[in-house]
Amino acid sequence: MTETLARTELPNPLDPEETMSRDEIESIQLARLQETVAYAYDRVPLYKEKYDTAGVHPSDLKELSDLGNFPFTEKEDLRRTYPFGMFAVPQHEVARIHASSGTTGRPTVVGYTKQDLEDWAKLGARCLRLSGVKPGWKVHNAYGYGLFTGGMGAHAAAEHLGTTVIPMSGGQTEKQIQMIQDFAPDAILCTPTYLLTIADAMQRQGIDPRTTSLKVAVLGAEPWTEEMRHELEVTMNIDACDIYGLSEVMGPGVAGESNESKDGSHIWEDHFRPEIIDAFDETRVLGDGEPGELVFTSLTKKALPVIRYRTHDLTRLLPGTARPGHRRMGRITGRSDDMIILRGVNLFPSQIEELALKVAGLSPHFLLEITRPNRMDELAVKIERREDCDTGRAEEAGRELQKSIKINIGSSCRIDVVDPGTLARSSGKLRRIYDLRDK
Ligand code: DLL
């Protein structure tokens, strides 16, 4: 099909806050932090109770580092006050609700005022712009719509930037491919593993994924590695950039990556104050560059302010580059609750992804199975060979990966190299770990 809509280069100005200096950002942060903590204390009983118990008061916040004296907020706090107990505004001021399903327990429910939604769209648009998406482009949005923040969050961001949004949602891969072929979008928004599913399905249909109209992919909602970026960029002939967020803090758009430097996502620090804490000793706030758990405080949200929210995402803070006043986050190496402890050695699926993609003949389609056959934990990596890798070479590749995991991570594991197309494909956030120990 041919391109029929006219294309013009449209104005694409930065928000003034994007170019602020570090000092300017920090002075905005302090004022907004003082306001937010007082606001939450006055309006949300849980914060008042926590702060009174801990013997701290909003008036103790004299400088940014004083934040470290305030108690954390956890997902469990949202669950305990399910569904709306942590909202700071009356229900008629809540313009939208989202919820994250999670794998266990009650969902966590989050809410936004009209102003919160506008801020979210603005920050999401900043991310897309930084990743090279341009006003006037067609944007195929394959994040799931519904209670999940991905679909509607990315949609609003793309609209705010001034693009033509194609609201596909996740799944129905054949249909996605048809729409990509027919509508010729310039950019795609989805999880990295779902883009892999799309590329894989295209190849099965005899379509070369390098020949589509897509130029940029903005990928997030799950951990992914530099090796996966390379795989997707080469397979699809695109620029692949990261976008980060979580429902409790806002949704997609908390941080976004530059398509020029591709060096990690810039956190919009005029709206969020990040901290890194020692994941094993939460009383220790770590310095920039040190790896630990990411903690966020929202600075402008009205419906659901969150103060020192523990993300359980493991990363580090780095100085800003493309937006020097805003710090970057390194890649998320994993979530503390996704960490597999195998006979005393800690490992994350992203480490396996990184090593597997360095072995010729192995594909990025893999899963991890943990069992305990003889009172000892065992890990099996099930991974598909690539189409062009014959079974003889596949066995050799499996041995190579096994050795590489032993050398680099220190764990012994079994590798099952399986045929292409055997493992379940992602349609959003992919589940990589199958813990069969209790069965
Ligand atoms: O996944 C928000 C989102 C949607 C972000 C679309 C980006 C794109 P939740 O469902 O609440 O929200 O899940 C949040 O997903 O704590 C991380 O563990 C993980 N995550 C999100 N973005 C990234 C990323 C959305 N870029 C949880 N890299 C977070 C690694 C990510 N992990």
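The rules we used
Residues numbered from 1 in each chain as written. Predicted model: local features only at pLDDT ≥ 70, side-chain atom pairs only at ≥ 80, totals over all residues. Heavy atoms only, no water. UniProt positions renumbered as here; feature names shortened; annotations may be inferred. Helix = DSSP H or I, 4+ residues; strand = E, 2+ residues; numbered from the N terminus. Buried < 20%, exposed > 50% of the residue type's maximum accessible area, 1.4 Å probe, protein only. Contact = heavy atoms within 4.5 Å. Axes fitted to C-alpha atoms, helices over the stretch in contact; angles between N-to-C directions. Parallel < 35°, antiparallel > 145°, perpendicular 65-115°, else oblique. Domains from an automatic or database assignment. Buried area = accessible area lost by both parts, 1.4 Å probe. Salt bridge = Lys/Arg side-chain N within 4 Å of Asp/Glu carboxyl O. Polar contact = N/O pair within 3.5 Å; in protein donor to acceptor, adjacent residues only side chain to side chain. Pairing = 2+ DSSP bridges. Phe/Tyr/Trp six-rings, centres within 6.5 Å; stacked < 30°, edge-to-face > 60°. Lys NZ or Arg CZ within 6 Å of the ring centre and 35° of its normal. 1 Å grid on protein atoms, 1.4 Å probe; cavity = no way out; pocket = protein on both sides within 12 Å on 5 of 7 lines; lining within 4 Å. Points joined across faces, edges and corners; volume = space filled by probe spheres on them. Nonpolar A, V, L, I, M, F, W, Y, C, P; charged D, E, K, R; others polar.

Per an unreviewed UniProt entry, the chain goes by the name Phenylacetate-coenzyme A ligase and belongs to Arthrobacter halodurans. Quoted verbatim from the Pathway (unreviewed entry) heading of the UniProt record, the comment on the chain is "Aromatic compound metabolism; phenylacetate degradation."

Would you explain the UniProt feature "domain: AMP-dependent ligase C-terminal" (unreviewed entry) in the chain in this entry?
Within this structure's numbering, the places UniProt gives as "domain: AMP-dependent ligase C-terminal" (unreviewed entry) are residues 344–437. Each end of residues 344–437 is marked by a C-alpha atom, and these two atoms are 16 Å apart; helix forms 28% of the span and strand 31%.

Sorry if this is basic, but what is going on with the side chain of H271 here?
Here H271 shows up in the loop between β9 (265–267) and β10 (272–278). With a relative accessible area of 3%, H271 lands in the buried category. In contact with H271, not counting residues within four places along its chain, are R32, D119, K122, L123, R126, T297, S298, L299 and T300.

Honestly, the packing of helix α4 (residues 114–130) against helix α5 (residues 149–161) in this entry has me stumped. Any pointers?
A pair of packed helices can be characterised by two numbers: the angle between their axes and the separation between those axes. At a minimum axis separation of 7 Å, α4 and α5 run at an interaxial angle of 75°. Here α4 is positioned roughly perpendicular relative to α5, judged by the angle of their axes. Between α4, through W120, A121, K122, G124, A125, L128 and R129, and α5, the contact on the second element is made entirely by T149, G153, A156, A157, A158, H160 and L161.

Any chance you could explain the domain arrangement of the chain here in plain terms?
Interface size, as often reported, equals the accessible area lost upon joining of the parts. Here the chain is described as being made up of domain 1 (10–333) and domain 2 (340–435). Placing the centre of domain 1 and that of domain 2 at their C-alpha centroids yields a distance of 29 Å. Contacts between the two partners involve 19 residues from domain 1, matched on the other side by 19 residues from domain 2. With both sides pooled, the region where domain 1 packs onto domain 2 buries about 1600 Å², and carbon together with sulfur makes up 54% of that total. Counting the contacts that link domain 1 with domain 2 gives 4 salt bridges. Across the salt bridge formed by R204 and E387, the nearest N and O atoms sit 3.8 Å from each other. Applying the counting criterion to the domain 1 and domain 2 interface returns 10 residue pairs in polar contact (both at pLDDT 80 or more).

For this particular structure, what's the right way to read unusual backbone geometry?
For residues that are not glycine, phi is negative in most cases, and the peptide bond is trans in most cases. The omega torsion of the bond from Y82 to P83 falls at -5°, within 30 degrees of zero and hence cis. For P83, the location among the structural elements is in the loop between α3 (75–80) and β1 (96–100).

What exactly am I supposed to notice about the environment of R414 here?
Structurally, the position occupied by R414 is in strand β21 (residues 414–418). Of the residues examined, R414 reaches a relative accessible area of 46% and is grouped as partly exposed. Separated by 36 residues in sequence, R414 and E378 place their C-alpha atoms 8.0 Å apart. Aside from chain neighbours lying at most four places away, what touches R414 is L379, A380, V381 and Q402. Within the structure, R414 has its side chain in polar contact with the side chain of D416 (distance 2.9 Å).

Can you help me understand the sheet that holds strand β20 (residues 378–385) in this one?
Note: strands within a sheet are paired through backbone hydrogen bonds, in either parallel or antiparallel orientation. In space, the 4 strands of this open sheet follow the order β21-β20-β19-β22, with mixed pairing throughout. A single partner strand is all that each edge strand has here, and the edge strands are β21 and β22 (433–435). Strand-to-strand, the axes of this sheet are offset by a mean angle of 20°, without reference to chain direction. Pairing analysis gives 3 bridges linking strand β19 (residues 362–371) to β22, with the strands arranged parallel.

Looking at this structure, how should I read the packing of aromatic side chains?
The description of an aromatic ring pair rests on the distance of the ring centres and on the angle between the ring planes. In total, this model carries 7 aromatic pairs according to the counting rule given. On the basis of an interplanar angle of 10° and a centroid distance of 4.6 Å, the ring pair of Y112 and W120 is categorised as stacked. In this structure an aromatic cluster arises from ring pairing among Y41, Y47, Y51 and F70. One Lys or Arg, K215, reaches over the ring of W137 and ends 4.9 Å from the middle of that ring. The cationic tip of R310 hangs over the ring face of F72; the distance from NZ or CZ to the ring centre is 5.4 Å.

It is not clear to me how the layout of surface pockets should be interpreted in this structure. Could you clarify?
Unoccupied space between atoms shows up once a probe the size of one water molecule is rolled over them. Reported here for the largest pocket is a volume of approximately 1700 Å³. If you trace the largest pocket, you find 50 residues lining it, with A221, P223, R335, D338 and K429 closest to the centre. Here the residues of the lining of the largest pocket are counted per class, giving 18 nonpolar, 16 polar and 16 charged. Viewed by domain, the lining of the largest pocket spans two of them, domain 1 (10–333) and domain 2 (340–435), each represented by three or more residues. Considering only enclosed or pocket space, the second largest pocket measures out at about 560 Å³ in volume. Around the second largest pocket, the lining is made up of 33 residues, and of these L314, T315, R331, I332 and T333 lie nearest the centre. Among the elements of the structure, α8 (226–236), β12 (292–298), β13 (309–315) and α9 (349–356) are those that each provide at least two residues to the lining of the second largest pocket. At 4 residues, β13 tops the list of elements feeding residues into the lining of the second largest pocket. Its residues assigned to classes, the lining of the second largest pocket shows 10 nonpolar, 11 polar and 12 charged. Two domains each donate at least three residues to the lining of the second largest pocket, and these are domain 1 (10–333) and domain 2 (340–435).

Would you mind going over empty space enclosed by the protein with me for this structure?
Within the structure shown, the criterion is met by 2 cavities of 30 Å³ or more. Of the voids in this model, the largest cavity is the one considered here, and its volume is about 40 Å³. Every residue lining the largest cavity is listed: D242, E257, G264, S265, M329, G330 and R331. A breakdown of the residues in the lining of the largest cavity according to their chemical character gives 1 nonpolar, 3 polar and 3 charged. In this structure, the second largest cavity encloses a volume near 30 Å³. In this structure, the second largest cavity is lined by G124, L128, Y143, A154, A157, L189, V218 and I243. Where the lining of the second largest cavity is concerned, the elements lending two or more residues are α4 and α5. Looking at the lining of the second largest cavity residue by residue, the classes come out as 7 nonpolar, 1 polar and no charged.

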